[in-house]
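# An overview of the molecular structure
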Amino acid sequence: MSDLTVPAAYVHSLIKSLEDSSADLRALLEAAEISAEELQQPELSAAKYGRLYQKAMWQMRDESYGMPSGGKVPNGTFRMMCLCCIHCPTMGEAMQRASEFYEICRGARIKPIYEERGRHGSVTLGPLEEVSDEEFDQIMTDAGRNSIRTALSCWHHFQSWLVGRRVELSAVCFSFSKPRDARDYEVLFQAPVKFNQPVNQLRFELSQSKLPLVQTEESLQGFLKTAPYQLLVMVDSDNSLRAQVRALIGRDFSRPLPGAEQVAETLHMSVTTLRRRLQAEGTSYQKIKDECRREAATNYLSYPDLSNTDVALLMGFEETSAFFRSFKKWTGMTPGDYRRQIS
């Protein structure tokens, strides 16, 4: 059964950070159920990576762990920020409110700065009003490129979760020089990446800022139980049509999925062409949709803190029994059987 993964380089970067801190690395790896053998592989389960990050944040009592902040952000801060944003009508307004929230919360010395200029919008990692340019520059220097990359990626994924679809970026800017793994940055953001820039920033067409929020306080509850998993899951580097369809379907199943007609229109082709080309790749729209749903369900079920009812709601099922029937159709086993198998 397939599983969403993250590159080993990201895992090793997090582990090195934990080794340099006061964290109990052995206990964290055991809690995340990550074995020594898995750490030698080129990729790691995204769910396990998310659990490791989650456990590290709680042990360090810092929700900004692994990202630039200039201080410790108390546990529960992210939840309150989400509650402040969740009722905004559009993504742009939600990001503006997030920026205002971090201006008054404890711990952080930097925040996401949302701006609109002409036909474009942007989210930039910038200082609080009370922070001097010198202090901000030192925070970003101490953070390092992996931390900055993670922060911008998390904000991008958060925006995408809010609107229930991937926010298309026109460019991503970094202040540091081009690294050896620059290609991984392009795969991660699916956009042109620029280095040696004056800011660390996400850029997008203003139309993306006007996208309506589809999430609610109810869907937020499940999101928070698995955070930061949904903010850390990386995108596939596969350039096939199948991969493009998977990206358009996304990983948020709490809202209605796009139909084949909508996907075909987005890809600028007819439904007939979409079906023919997918058939040539040995698949179909329905098969891809079922694959995506199965992967999401199995990842959620790997979280002990999520009940089967929680997972059903995250998957968009109003009735838990309907989720049970669908899961058995996808995998040949019940959610309970699956959980016993991986325990």
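This write-up is about the structure you can find in this document. Sequence order as written defines residue numbering, which begins from 1 separately in each chain. In view of the model being predicted, local features appear only for residues whose pLDDT reaches at least 70, and side-chain atom pairs are presented and counted only at 80 or more, with totals across whole chains, interfaces and linings using the full set of residues. Calculation of side-chain values draws on the structure's entire complement of heavy atoms; hydrogens and water are dropped beforehand.

### Considerations on the environment of L162
To be explicit about the condition: Only DSSP runs of H or I covering at least 4 residues are called helices, and only runs of E covering at least 2 are called strands; the numbering of each starts at the N terminus.
Counting through the fold element by element, L162 comes out in helix α8 (residues 145–163). In this structure, the C-alpha to C-alpha distance between L162 and N299, residues 137 residues apart in sequence, is 20 Å.

### So, helix α15 (residues 271–280)
Turn by turn, an α-helix covers 3.6 residues, leaving residues three or four places apart pointing in a common direction. The following threshold applies: Here's how the labels work: a residue is buried when its accessible area is under 20% of the maximum for its type, exposed when over 50%, partly exposed in between, all with a 1.4 Å probe on protein chains only. Along the arc lie the directions from the helix axis toward the C-beta atoms.
Of all the positions in α15, only V271, L274 and L278 are classed as buried. All buried residues of α15 lie within an arc of 60° about the axis, which places them on one face of the element. Along α15, exposed side chains directed more than 90 degrees from the buried face belong to T272, R276, Q279 and A280. Two residues or fewer past α15, G282 is found with a positive phi of approximately 80°.

### Points about the packing of α8 against helix α9 (residues 182–189)
Condition: Convention adopted: a line fitted to C-alpha atoms gives each axis, helices being fitted over their contacting stretch, and angles between N-to-C directions are expressed from 0 to 180 degrees. We call two directions roughly parallel when the angle between them is under 35 degrees, roughly antiparallel when it is over 145, roughly perpendicular when it lies between 65 and 115, and oblique otherwise. Each crossing is labelled by how the near helix is turned from the far one, with a counterclockwise turn of less than a right angle marking it left-handed and a clockwise turn marking it right-handed. A contact between two residues is defined here by any heavy atoms of the two lying within 4.5 Å.
The interhelical angle for the contact between α8 and α9, taken along N-to-C directions, is 15°, at an axis separation of 11 Å. Regarding the angle of α8 to α9, the classification is roughly parallel. Note that α8 runs across α9; the crossing there is right-handed. Contacts between α8 and α9 involve R145, N146, R149, L152, S153, H156 and H157 from the first element and Y185, L188 and F189 from the second.

### Description of the sheet that holds strand β7 (residues 201–205)
Rule in force here: We treat two strands as partners when DSSP finds at least two bridges between them.
With respect to topology, five strands assemble into an open sheet ordered β3-β4-β7-β5-β6, the strand pairing being mixed. Taken across any chain shown, the strands that pair with only one partner, and hence form the sheet edges, are β3 (110–117) and β6 (193–194). Strand direction decides the pairing type here: strand β5 (residues 171–173) and β7, joined by three bridges, are antiparallel. By the bridge assignment, C173 is partnered in β7 with Q201. Packing against the sheet, helix α6 (residues 91–104) makes contact with β3, β4 (120–127) and β7, and its axis sits at approximately 145° to β3.

### Here we look at the packing of aromatic side chains
In this description, a pair of aromatic rings is defined by centroid distance and the angle of the planes. Our working definition: Pairing of aromatic rings covers Phe, Tyr and the six-membered ring of Trp, with a centre-to-centre limit of 6.5 Å; geometry is then stacked below 30 degrees between planes, edge-to-face above 60, and tilted otherwise. Only when the NZ of Lys or the CZ of Arg is both within 6 Å of the ring centre and within 35 degrees of the ring normal is a charge said to sit over the ring.
All told, the structure shown has 20 aromatic pairs when counted by the stated rule. Three or more aromatic residues joined by ring pairs make a cluster, and in this case those are F78, F101, Y102, W155, F158, W161 and F223. Here the basic side chain of R51 rests over the ring of Y303, its NZ or CZ set 5.6 Å away from the ring centre. The ring centre of Y185 lies 5.4 Å from the NZ or CZ of R149, which sits over that ring.

### Description of the packing of helix α16 (residues 285–301) against helix α18 (residues 320–331)
Condition: Ten residues, namely Ala, Val, Leu, Ile, Met, Phe, Trp, Tyr, Cys and Pro, are considered nonpolar, four, namely Asp, Glu, Lys and Arg, are considered charged, and the remaining ones, Gly among them, are considered polar.
One can describe the packing of α16 onto α18 by two numbers: an axis separation of 10 Å at closest approach and a directional angle of 110°. Here α18 runs roughly perpendicular to α16, going by the angle between their axes. Relative to α18, α16 is oriented so that their crossing is left-handed. Only F323, F327, W330 and T331 of α18 make contact with α16, whose side of the interface consists of D290, R293, R294, A297, T298 and L301. Class assignment of the residues belonging to the contact of α16 with α18 gives a composition of five nonpolar, two polar and three charged.

### So, the environment of G92
Looking at where G92 falls in the secondary structure, it is placed in helix α6. Taking C-alpha positions, G92 is 7.9 Å from L211, a pair spaced 119 residues apart along the chain.

### What about the pattern of salt bridges?
Filter applied, for reference: Just to be clear on terms, a salt bridge is a Lys or Arg side-chain nitrogen sitting within 4 Å of an Asp or Glu carboxyl oxygen.
Per the stated rule, a full pass over the model turns up 13 salt bridges. R109 is the salt-bridge partner of E135, the closest N and O atoms lying 3.0 Å from each other. With E135 in helix α7 (residues 133–143) and R109 in the loop between α6 and β3, the pair connects residues that are 26 residues apart, well separated along the chain. The closest approach of N and O atoms between R149 and D181, which form a salt bridge, is 3.7 Å. Of this pair, R149 sits in helix α8 while D181 is found in the loop between β5 and α9, placing the two residues 32 residues apart along the sequence.

### A short note on helix α19 (residues 335–342)
Buried residues of α19: P335, G336, Y338 and R339, and no others. For α19, the arc enclosing every buried residue in end-on projection is 160°, short of the 170-degree limit, so these residues lie on one face. Opposite the buried face of α19, by more than 90 degrees, sit the exposed residues R340 and Q341. As for α19, its buried residues are in contact with α16, α17 (308–314) and α18.

### A few points about the side chain of S153
Within the secondary structure, S153 is located in helix α8. By relative accessible area, which is 5% here, S153 ends up buried. Non-local contacts of S153, meaning those with residues more than four positions away in its chain, are made with L188, F189 and L231.

### Here we look at the side chain of K111
Among the secondary structure elements, K111 is positioned in strand β3. Since its relative accessible area comes to 11%, K111 is described here as buried. When sequence neighbours within four positions are dropped, the list of residues in contact with K111 reads S99, Y102, E103, T124, L125, G126, P127 and L128.

So, to be careful, I would describe these as geometric facts and stop short of saying anything about function.
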